[in-house]
Amino acid sequence: MKYWLFKSEASTWSWEQQVAKGDAGEEWDGVRNYQARNFMRQMKLGDLGFFYLSQKEKAVVGIVEVCAEAHPDSTTDDDRWDCVDIKAVAPMPTHVTLAMCKGDDRLAEMALIKSARLSVQPVTADEWQIICDMGGYSG
DNA sequence: GCCAACGTTGGC
DNA sequence: GCCAACGTTGGC
């Protein structure tokens, strides 16, 4: 099982909208970046991810799970672009902000910090645990 | 609102 | 295949 981070802007796709989709989940569509797409192609059913909001919140606000593996992005006819479906699992009890991550030396190598613009990122098991601890999420 | 970082495009 | 120009993202 692997861990990931999905980045969104609240004005485009909020955590509330994600939760409203329930267990059926929703396509993580609109990604037009090869690196991000390649990560989505590696995802397996049951993989977990952080739901991160850029811009205003700049924080991990929830936990999501991959509920459909990579398939064509329905928002384009361009067959280069695939996406997965994700569903909300639980809110992060305490939002883990970017500042909190930057303040922890153990997270210095995180893609979130080193590759700020990448919209879908891998998260190591160690990073996952550290952030869950900071957010008060125990699975 | 600014600007640095970075991915993409297009001319050669 | 290189690289300059350009557009977009996202933190501040």
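Residues numbered from 1 in each chain as written. Chains lettered and ligands numbered in written order. Predicted model: local features only at pLDDT ≥ 70, side-chain atom pairs only at ≥ 80, totals over all residues. Heavy atoms only, no water.

**Notes on unusual backbone geometry**
Within the chain, Q55 stands out as a residue other than glycine whose phi angle is a positive 70°. Its place among the elements puts Q55 in the loop between β3 (48–54) and β4 (59–72). In this structure Q55 comes out as exposed when scored by relative accessible area, which is 55%. (Helix = DSSP H or I, 4+ residues; strand = E, 2+ residues; numbered from the N terminus. Buried < 20%, exposed > 50% of the residue type's maximum accessible area, 1.4 Å probe, protein only.)

**Some remarks on the protein's contact with DNA strand C**
Neighbouring DNA strand C are the residues K7, Y52, S54, Q55, K58, L98, K102, A116 and R117. The sugar-phosphate share of atoms of DNA strand C within 4 Å of the protein amounts to 79%. The contact in question runs from a phosphate oxygen of DNA strand C to an N or O atom on the side chain of Y52, over 3.1 Å. A distance of 3.0 Å is found between a base oxygen of DNA strand C and a side-chain nitrogen or oxygen belonging to R117. (Near = heavy atom within 4 Å. Polar contact = N/O pair within 3.5 Å; in protein donor to acceptor, adjacent residues only side chain to side chain.)

**Section: the pairing of β4**
Bridging between β3 and β4 involves 6 bridges; their strand directions are antiparallel. Within the sheet, the bridge partner assigned to F50 lies in β4 and is I63. Between β3 and β4, which pair antiparallel in sequence order, lie 4 residues; one of them, Q55, sits at a positive phi of approximately 70°. Summarising the sheet, β4 and strand β5 (residues 82–97) pair through 10 bridges and their orientation is antiparallel. From the neighbouring strand, V66 faces β5, where its bridge partner is I86. (Pairing = 2+ DSSP bridges.)

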